Amino acid sequence: MTQPTPIHGQCHPDFQFMEDAVSRLFSDYGESGAALAVHYQGKPVVDLWAGSRDKANKQAWQRDTFVNVFSVGKAVVATCCLILVQRGQLQLNTPIASIWPEFAQADKENITISQVLSHTSGVSAFQQPIANDTIYNWQAVTAQVAATKAWWTPAGSKQGYSPMIFGWLLGEVIRRVSKAERFNDVVQELICQPLNIEFYFGVPDKRLDALAELGALTVQAPPDEAGSLLDITTAEPNGLSARAFTNPMTLMTGSNSRAWQQNQLPGGNGSTNARSLAVFYQALLDNRLLNEQHQPLLWQCVSRADCDATLNTKLAFSHGFMISDARAVCRFGRGKRGFGHPGAGGSLAFADPDYGVSFAYTTKSLGLSVLLDRRAIYLIDQLYKETVA
């Protein structure tokens with residue numbers, strides 16, 4: 001008989017049942033290395049981790065282990081933008097070309113920051129072929145972003161999720177407005193240092209040993225109602241969805257490489273731990289990053305599509321965050337104002353203002369869900385069923 005995977009960390013007594021929920025991820029869902037952190041009503045109540053941090057399953061996941069969370073990091077990019085809006089350094093309806101003149105190429109001169117944040121700009125994928133190593137060179141890749149053509153005009157007339165360009169585009173705007181050498185420097189200054197959390201777009205040498213190695217989930221579930229990432233990237237090889245995720249192919253194959261881990265790919269290579277993400281979302285609830293006037297930007301709907309042009313599923317966005325609907329695959333808690341972001345493979349972080357929940361789940365075991373992975377859905381269901389609701 002297989003021995004249960006030891007669960008490490010601590011829970012508030014009222015949330016002790018979440019240890020069993022995490023244990024079940026390993027026994028029933030194919031999990032091999034993960035962490036879970038939850039804040040409730042402003043206080044940390046769950047901080048758990050278990051399994052291994054390497055593909056060979058020989059190195060234990062530690063308290064300080066962190067992992068690439070892919071698009072979960074878009075929330076950090078968006079929050080940097082909103083902080084600059086709050087400070088008066090940016091306006092949401094400002095054309096990006098007024099900050100970054102080269103971006104006006106290919107008739108993109110009227111695209112605004114708000115349209116990029118809400119995935120309605122049309123700049124969802126590169127139309128021109130991109131060399132594999134270009135994504136690791138900030139100047140080279142942002143030059144390609146500036147040169148590329150939008151997939152539709154006028155901007156704002158359609159919605160299509162931007163998996164990777166979102167990060168470089170907004171990152172370059174933020175870097176220019178902040179007069180910073182590197183975008184990640186702004187992230188550290190605006191978010192990580194004030195909150196005392198660990199989050200990197202480009203892992204420093206001193207922290208590489210604590211970074212988990214990514215691998216495929218051993219128990220892949222059938223596609224859910226939002227579909228499979230594999231399906232949307234193979235259905236039309238030269239279409240928007242395929243190019244958004246596979247142009248260049250290193251977007252699909254490079255995530256365990258040092259080049260991926262240590263360069264800035266803000267749309268998809270944020271590295272962090274569940275504890276830090278839970279603190280981040282709690283700070284958004286507590287107005288530590290955004291004041292009461294700007295906080296509604298996190299959950300107020302800016303764009304909604306019955307079929308997102310990239311992900312081929314129903315989806316709605318605020319300014320940079322996915323927002324809840326009734327489906328389990330896109331339900332950030334149980335409140336009407338839930339907002340957050342999943343990442344490719346299964347990691348997820350969100351806040352539920354109506355219930356006072358900040359939730360973060362990080363994993364090295366990559367599934368194929370387009371939106372919320374069934375492991376995250378299970379954890380959310382257990383959390384709300386037992387205590388929160």
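You'll find the structure just up there.
Residues numbered from 1 in each chain as written. Predicted model: local features only at pLDDT ≥ 70, side-chain atom pairs only at ≥ 80, totals over all residues. Heavy atoms only, no water.

**Q** I'd like to hear about the sheet that holds strand 4 (residues 67–68), residue by residue, with values.
**A** With antiparallel pairing, the 3 strands of this open sheet are ordered in space as 4-7-5. Only two strands of the sheet have a single neighbouring strand rather than two, namely strand 4 and strand 5 (199–200). Where strand 4 lies against strand 7 (residues 271–272), 2 bridges are found, and the strand directions are antiparallel. When the bridges of strand 7 are listed, N68 appears paired with S271. (Pairing = 2+ DSSP bridges. Helix = DSSP H or I, 4+ residues; strand = E, 2+ residues; numbered from the N terminus.)

**Q** Break down the packing of helix 2 (residues 74–86) against helix 11 (residues 274–285) for me, citing the residues and quoting the values.
**A** Their axes nearest at 12 Å, the elements helix 2 and helix 11 cross at an angle of 35 degrees. When you trace helix 2 past helix 11, the crossing you get is left-handed. Residues A75, V76 and T79 of helix 2 pack against F280, Y281 and L284 of helix 11. Considering only residue class, the contact of helix 2 with helix 11 consists of 5 nonpolar, 1 polar and no charged. (Axes fitted to C-alpha atoms, helices over the stretch in contact; angles between N-to-C directions. Left-handed = near helix turned anticlockwise from the far one by under 90°. Contact = heavy atoms within 4.5 Å. Nonpolar A, V, L, I, M, F, W, Y, C, P; charged D, E, K, R; others polar.)

**Q** Describe the packing of aromatic side chains, with residues and values.
**A** Enumeration according to the criterion identifies 19 aromatic pairs in this entry. Relative to F321, the ring of Y281 lies with its centre 6.3 Å away and its plane at 80 degrees, an arrangement referred to as edge-to-face. Pair noted here: Y281 is in helix 11 and F321 is in the loop between strand 9 (315–317) and strand 10 (322–323), with a separation of 40 residues, a long-range link. The class for F321 is buried, based on a relative accessible area of 0%. When the centroid spacing of 4.9 Å and the interplanar angle of 20 degrees are considered together, the rings of F350 and F359 count as stacked. Judged by its relative accessible area of 0%, F359 is buried. Feature note: the residues F280, Y281, W299, F321 and F339 constitute an aromatic cluster, connected by ring pairs. The lysine or arginine in question, K108, covers the ring of F103, its NZ or CZ lying 4.7 Å from the ring centre. Against the face of W299 rests R337, its NZ or CZ located 4.7 Å from the ring centre. (Phe/Tyr/Trp six-rings, centres within 6.5 Å; stacked < 30°, edge-to-face > 60°. Buried < 20%, exposed > 50% of the residue type's maximum accessible area, 1.4 Å probe, protein only. Lys NZ or Arg CZ within 6 Å of the ring centre and 35° of its normal.)

**Q** Any chance you could break down the pairing of strand 11 (residues 339–342) for me, citing the residues and the numbers?
**A** Burial along strand 11 is two-sided: F339 and H341 facing one way and G340 and P342 facing the other are all buried. In terms of strand pairing, strand 11 meets strand 12 (residues 348–352) through 4 bridges, oriented antiparallel. Looking at strand 12, one finds that G340 is bridged to F350. Here strand 11 folds back onto strand 12, and the loop between the two strands holds 5 residues, one of which, G345, carries a positive phi near 100 degrees.

**Q** Describe the nonpolar core, with residues and values.
**A** Membership of the largest hydrophobic core comes to 83 residues, with the highest contact counts inside it found for W168, L169, F280 and F339. If one sorts the elements of this core by residue count, helix 2 sits on top with 10 residues. Residue contacts for F280: discarding those within four places in its chain leaves A75, V76, T79, I191, L195, I197 and L289. Counting 48 residues, the second-largest nonpolar core is a separate cluster that includes F26, A34, L315 and F332. (Core = buried A, V, L, I, M, F, W, Y, C linked by side-chain atoms within 4.5 Å.)

**Q** For helix 6 (residues 183–195), give the residues involved together with the corresponding values.
**A** Look at helix 6: 18 Å from first C-alpha to last across 13 residues, which is about the 18 Å you get at 1.5 Å a residue. Within helix 6, burial applies to F183, N184, V186, V187, Q188, L190, I191, C192 and L195. Its buried side turned inward, helix 6 meets helix 2, helix 4 (138–147), helix 5 (165–178), strand 5 and helix 11. Directly after helix 6, the chain includes N196, whose backbone phi takes a positive value near 55 degrees. (Expected span 1.5 Å × (residues − 1).)

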